[in-house]
Amino acid sequence: AEAVAPLVRSGVRVVDLNISDNPSQELERILGQEKFDFVGVNIRNIFFRHNPQIDQWRSVVRTIKTVLPHSKIVAGGAAFSLLPEEIMATIEDLDIGVIGEGEETFLELMHKPLSEVKGIVYRSGSSLNFTPPRERHDFKNLPIPKRDWPDLDLTRYNMLNMQTKRGCVFGCRHCPMSYLEGTTLRFRDLSAIQEEIKYLDSLGFKKIFFVDNIFNFPMDYSLKVVDILKKFQWEWTGYFKPDFFNKDYIFALSASGCRNIRISLEGGSDKVHRYLGTSISVKALLRLLGLSGLLHKHKLNLSFGIYIGLPGENGIDFLKTLILAFRILLKRHSILFISFWLFPKSEIGEKFQRSRSLTQPPFYRKHLAFVFRFLPVLQFKILPKLLGKRVRTGGS
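A quick note: this is a predicted structure, and the numbers were derived from the prediction, not measured.

Asks: Mind laying out the layout of surface pockets, listing which residues take part and the relevant values?
Replies: Once rolled over the atoms, a probe with the size of a water molecule shows which space is left empty. Approximately 270 Å³ is the volume attributed to the second largest pocket. Lining the second largest pocket are 15 residues, with Ile99, Gly100, Gly119, Pro133 and Arg134 positioned closest to its centre.

Structure, rendered in structure tokens:
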């Protein structure tokens, strides 16, 4: 974003509709202040053919086109990159789409003929033209993202996010991250991480969420980032794998200000884990739970997102998941139950795409729908009485 400002004649504005009290009014206000040549929209989360979500995006884009009919509307984000053709066909007011990482692509499409810009899709009459894929960015040398925009009220955020690396080497069969970020880890320079933390600190922020796919892998790089965080004593969290923990690492996390360790689990069955290729074992998880006393002593909570309705899962596997959930709760940690979705551009998602809807997990919704009605009862009625611990459910 910092590189855009001197290149665009009318300047750059940023609005986050997620923190607006009146998103439609706020959007129209910003659009009415200048004649923007390009308007970018970030479509990060969407389950395609889920009408309320797609209708919301269609409404946003329609507003932009109505207020600024001559502006080029450019879509990007993770969800768009997974379903570019379908989203372009469904939201007909979109002019251009960025597939994959967009830091370099967005700059180029403002100054080059679209046919010469890699990694985009654009309209030409009634047809869609796709350009060749773009090579992965040199993440190490990308500039620090600008946060202090005039139209962003930073006081509305509980925490901001950072990313220290891109890419995923684990190759889970149900996850599209390898497609989105590649299978090679690309690390940021540690000095750049420290400079960004200083920048956010100067804006008054003391909470951060690291959006790396797995923060604690590789361990040596993770520890170097943790050493930087020790200097600032922020409260922070991120996504972790249960396999990569030991007592020394727990000490380091606590000393650096980490208070919440988030872990995604594909249920409680090793059979399902093997089918999905997650490289997670129940044994590794139980080994981490065995350190709960140490974790609580150092003010570290484990927050688990547990998926249910997974490919390859049956009733026995689901029972194992419930048993594992109770073991986690007995150790006084937190759980979020999430119903599973099949993602395009993942191995399993592509396998089922031809015969099943991407937005309706066929497994439990078809045969065990009562599970999804039972989970809120489990959350709000049963578990608080039994354990005095709040449990959240979601994704239903």
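Asks: Give a description of empty space enclosed by the protein that names residues and reports values.
Replies: Counted according to the given criterion, the structure contains one cavity of 30 Å³ or more. In this structure, the largest cavity spans a volume of roughly 70 Å³. Around the largest cavity sit Lys165, Gly167, Cys168, Val169, Phe170, Leu185, Asp212, Asn213, Ile214 and Phe217, which together line it. Taken together, the residues that form the lining of the largest cavity break down as six nonpolar, two polar and two charged.

Asks: Just give me the short version of the nonpolar core, but keep the residues and values in it.
Replies: Counting 49 residues, the largest nonpolar core has Trp236, Phe240, Leu253, Ile261, Leu265 and Phe304 as the members making the most contacts within it. Take this core: its biggest share by element is six residues, from helix α13 (residues 315–330). Setting aside residues up to four positions removed in sequence, Leu253 forms contacts with Val226, Trp236, Phe240, Phe245, Cys258, Ile261 and Leu300. With 26 residues, the next largest nonpolar core counts Phe36, Val39, Val41 and Ile64 among its residues.

Asks: Please provide a residue-by-residue account of unusual backbone geometry, values included.
Replies: Residues Phe217 and Pro218 are joined by a peptide bond in cis, for which omega reads -5°. By the secondary structure assignment, Pro218 is in the loop between β9 (207–210) and α8 (219–230). The phi dihedral of Gln233 is positive, around 55°, even though this residue is not glycine. When you line up the elements, Gln233 lands in the loop between α8 and β10 (235–239). On the basis of relative accessibility, which here comes to 48%, the residue Gln233 falls in the partly exposed class. Residues other than glycine seldom take positive phi values, yet Ser279 does so here, at roughly 65°. Relative to the assigned elements, Ser279 resides in the loop between α10 (270–276) and α11 (282–289). Taking relative accessible area as the criterion, Ser279 reaches 44% and is therefore assigned partly exposed.

Asks: Can you lay out the packing of α8 against helix α9 (residues 247–256) for me, pointing to particular residues and giving the numbers?
Replies: At a closest axis distance of 8 Å, the pairing of α8 and α9 adopts a crossing angle of 30°. As far as their axial angle goes, α9 and α8 are roughly parallel. Classified by chirality, the crossing of α9 by α8 is left-handed. Seen from α8, the contacting residues are Met219, Ser222, Leu223, Val226, Leu229 and Lys230; seen from α9, they are Tyr249, Ala252, Leu253, Ala255 and Ser256. Broken down by class, the residue content of the contact of α8 with α9 amounts to eight nonpolar, two polar and one charged.

Asks: A description of the pattern of salt bridges should follow, citing residues and the corresponding values.
Replies: Counted according to the given criterion, the structure contains 24 salt bridges. Arg166 is paired through a salt bridge with Glu101; the nearest N and O atoms lie 3.5 Å apart. With Arg166 in strand β7 (residues 165–166) and Glu101 in the loop between β3 (96–98) and α5 (103–109), the pair connects residues that are 65 residues apart, well separated along the chain. Of the residues examined, Arg166 reaches a relative accessible area of 10% and is grouped as buried. On the accessibility criterion, Glu101 (14% relative accessible area) is buried. A salt bridge links Asp212 to Lys165; the shortest N-O distance between them is 3.0 Å. Separated by 47 residues along the polypeptide, Asp212 in the loop between β9 and α8 and Lys165 in strand β7 bring together distant segments of the chain. Judged by its relative accessible area of 0%, Asp212 falls in the buried class.

Thresholds applied
- Throughout, a residue's number is its position along its own chain's written sequence, starting from 1.
- In keeping with the model being predicted, local features are shown solely for residues with a pLDDT of at least 70 and side-chain atom pairs are shown and tallied solely at 80 or more, while totals for entire chains, interfaces and linings include all residues.
- Side-chain calculation: all heavy atoms of the structure are included, whereas hydrogens and water are not.
- The distinction between a cavity and a pocket rests on a 1 Å grid over the protein atoms alone: a 1.4 Å probe fits inside a cavity but cannot get out, while a pocket stays open yet meets protein on both sides within 12 Å along at least five of seven lines, and a residue with an atom within 4 Å of a point counts as lining.
- Grid points are joined across faces, edges and corners, and a volume is the space filled by probe spheres set on the points.
- Amino acids are sorted into nonpolar (Ala, Val, Leu, Ile, Met, Phe, Trp, Tyr, Cys and Pro), charged (Asp, Glu, Lys and Arg) and polar (every other residue, Gly among them).
- Nine residue types can take part in a nonpolar core, namely buried Ala, Val, Leu, Ile, Met, Phe, Trp, Tyr and Cys, and a core is a set of them joined through side-chain atoms within 4.5 Å.
- Think of it in three bands: residues with accessible area under 20% of the maximum for their type are buried, residues over 50% are exposed, and the middle band is partly exposed, with areas taken using a 1.4 Å probe on protein chains only.
- Under the DSSP-based scheme used, a helix requires at least four consecutive residues in state H or I and a strand at least two consecutive residues in state E, with every element numbered from the N terminus.
- By definition in these notes, contact holds between two residues if any of their heavy atoms fall within 4.5 Å.
- Note on definitions: angles span 0 to 180 degrees between N-to-C directions of axes, and those axes are lines fitted to C-alpha atoms, for helices only across the stretch in contact.
- Any angle that is under 35 degrees is reported as roughly parallel, and any over 145 degrees as roughly antiparallel; angles of 65 to 115 degrees are reported as roughly perpendicular and all others as oblique.
- Each crossing gets its hand from how the near helix is turned against the far one by less than a right angle, where anticlockwise is left-handed and clockwise is right-handed.
- Salt bridges are counted wherever a side-chain nitrogen of Lys or Arg sits within 4 Å of a carboxyl oxygen of Asp or Glu.

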